[in-house]
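Spelled out, the chains give:
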Amino acid sequence: YAADMLAYFGPIVMLVISTLAYSIRVVGYTLVPESSNWMVLLLEPLHGVTFGCLKISSVEFISQATPAGYDVTVQGLLASLQGLGSLLGSSVGGFVEQRYGSDVLYRGAALIVAVFLGLFMAVFIADIDEGASHKSVELAGRDVAYSKVQVDDVDETV
């Protein structure tokens, strides 16, 4: 389904879907009453949306935004940054949860993700408004052309 989703939404919209699903899920965690912890299971399908859309959109975004021959290097850089983010997030998140509680941790995480999505979109929209190149228009989901190799690679990773 990844190829169909990319063709229909494009990587930018899929990134937005991923961040919105994440924010809804983690804020939802803070709203579940302690007497009904089972309700967390109702939010968990959003984790699949978050993870799947993020991985698919980031691979495609980098593929489109990177000059030919550098995509593997930039994909490696992305993986390294995601690993560093996990390390920092776990360390800082543990401190925040211990000091301030899980509600502050999860709501703060949702806020941070929303702020960075807003910054990303502001830069992206400014790029389009300033007469961006055709590549930016492709990233917005318009006139998207996916090669067979890229789509097959994405399908295999999901």
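Computed from a prediction, not measured in an experiment: that's the story for all the values here. (Residues numbered from 1 in each chain as written. Predicted model: local features only at pLDDT ≥ 70, side-chain atom pairs only at ≥ 80, totals over all residues. Heavy atoms only, no water.)

J.: Could you clarify how one ought to interpret the overall build of the protein chain in this entry?
T.: When its secondary structure is counted, the protein chain shows 7 helices and 0 strands. The linear arrangement of helices and strands in the protein chain, starting from the amino end, is α-α-α-α-α-α-α. By the burial criterion, 28% of the 158 residues in the protein chain qualify as buried. A sequence separation of at least 24 residues applies to 68% of the contacts in the protein chain between residues at least 6 apart. Here the protein chain has roughly 10,000 Å² of accessible surface; of this, 67% comes from carbon and sulfur atoms. (Helix = DSSP H or I, 4+ residues; strand = E, 2+ residues; numbered from the N terminus. Buried < 20%, exposed > 50% of the residue type's maximum accessible area, 1.4 Å probe, protein only. Contact = heavy atoms within 4.5 Å. Areas by Shrake-Rupley, 256 points an atom, 1.4 Å probe, with all protein chains shown as cover.)

J.: Which parts of the structure should I look at to understand a nonpolar patch on the surface?
T.: Taken together, the side chains of Leu77, Leu81, Leu84, Leu87 and Leu88 define a hydrophobic patch exposed on the protein surface, amounting to about 500 Å² of accessible area. As for its position among the elements, leucine 88 is in helix α4 (residues 71-100). (Patch = residues over 30% accessible without salt bridge, like charges linked within 9 Å, V, L, I, M, F, W, Y side chains within 5 Å. Salt bridge = Lys/Arg side-chain N within 4 Å of Asp/Glu carboxyl O.)

J.: Looking at this structure, I do not really get the layout of surface pockets. What am I missing?
T.: Empty space left among the atoms is revealed by rolling a probe the size of a water molecule over them. As a volume, the largest pocket reaches approximately 1,500 Å³. Lining the largest pocket are 36 residues, and of these Tyr22, Leu54, Gln82, Gly85 and Val113 lie nearest its centre. Looking at the lining of the largest pocket, the elements that each hand over two or more residues are α1 (2-31), α3 (45-65), α4 and α5 (102-129). Residue contributions to the lining of the largest pocket peak at 11 residues, all from α4. (1 Å grid on protein atoms, 1.4 Å probe; cavity = no way out; pocket = protein on both sides within 12 Å on 5 of 7 lines; lining within 4 Å. Points joined across faces, edges and corners; volume = space filled by probe spheres on them.)

Don't take any of this as a statement about function, it's just geometry.
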